[in-house]
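Architecture at a glance
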Amino acid sequence: MQISSRFTIAIHILACVETLGEDYKITSDFLASSIQVNPVVVRKILSQLKRAGLIQVTRGTGGTRVTRPVSEITFYDVYEAVDLLEEGALFHFHENPNPCCPVGKNIHKALDDKLICIQKAMENEMKQYTIADVAGQIRQCM
């Protein structure tokens, strides 16, 4: 199990917009050079962030800006926007455990609720951190 790099790229994008948006026009090419990925990857993530209502993108001279204070944008908001989970589940359970095996027959009963608790704990922890936390730490390093 691994959360895709879309999550950290999206955090990077939002941190750039917040930290550098006053001084630079934040375009997909600008972001791609900061992240060191193809601009197509950036544009896809920008589209997801826009669809989630976290950013506004103006073509041409506008660039990218956040739609609300970054102190209100949590890691969980970003995670929901870019790391779409299959059926809302973080863990993908193997498809066909053997019903004739005592473990295979009972693995779902023994494991499902625990995996749900783990996912909820991770999601609750993500709600504790905001883009403002990241941007603030970056500003301290500048």
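Below is a summary of the structure that appears in this document. Residue indices begin from 1 for each chain and proceed along its sequence in written order. Since the coordinates come from a predicted model, pLDDT governs what is reported: local features require at least 70, and pairs of side-chain atoms require 80 or more to be given and counted, while whole-chain, interface and lining totals use all residues. No hydrogens and no water enter the side-chain calculation; it runs on all heavy atoms of the structure.

The phi dihedral of Gln36 is positive, around 65 degrees, even though this residue is not glycine. You can see Gln36 is positioned in the loop between helix H2 (28-35) and helix H3 (39-51). Relative accessibility thresholds used throughout: buried, under 20% of the residue-type maximum; exposed, over 50%; partly exposed, between the two (1.4 Å probe, protein chains only). Classification of Gln36 as exposed rests on a relative accessible area of 69%. A run of H or I in DSSP becomes a helix once it reaches four residues, and a run of E becomes a strand once it reaches two; helices and strands are each numbered from the N terminus.

Our focus in this paragraph is the nonpolar core. Judged by nonpolar contacts, the single largest core of 30 residues is most densely connected at Ile13, Leu49 and Val78. Counting residues per element, the ones that place at least two in this core are helix H1 (5-20), H2, H3 and helix H4 (75-82). Among the elements that take part in this core, H1 stands out by supplying 8 residues, more than any other. By definition in these notes, contact holds between two residues if any of their heavy atoms fall within 4.5 Å. Beyond its immediate chain neighbours, meaning those up to four positions away, Leu49 contacts Ala10, Ile13, Leu14, Leu54, Ile55, Ala81 and Val82. By nonpolar core we mean a set of buried residues, namely Ala, Val, Leu, Ile, Met, Phe, Trp, Tyr and Cys, connected to one another through side-chain atoms within 4.5 Å.

Should a side-chain nitrogen of Lys or Arg be within 4 Å of a carboxyl oxygen of Asp or Glu, the pair is scored as a salt bridge. By the definition in use, this model includes 3 salt bridges. With a shortest N-O distance of 3.0 Å, Arg68 and Asp77 are connected by a salt bridge. Of the residues examined, Arg68 reaches a relative accessible area of 28% and is grouped as partly exposed.

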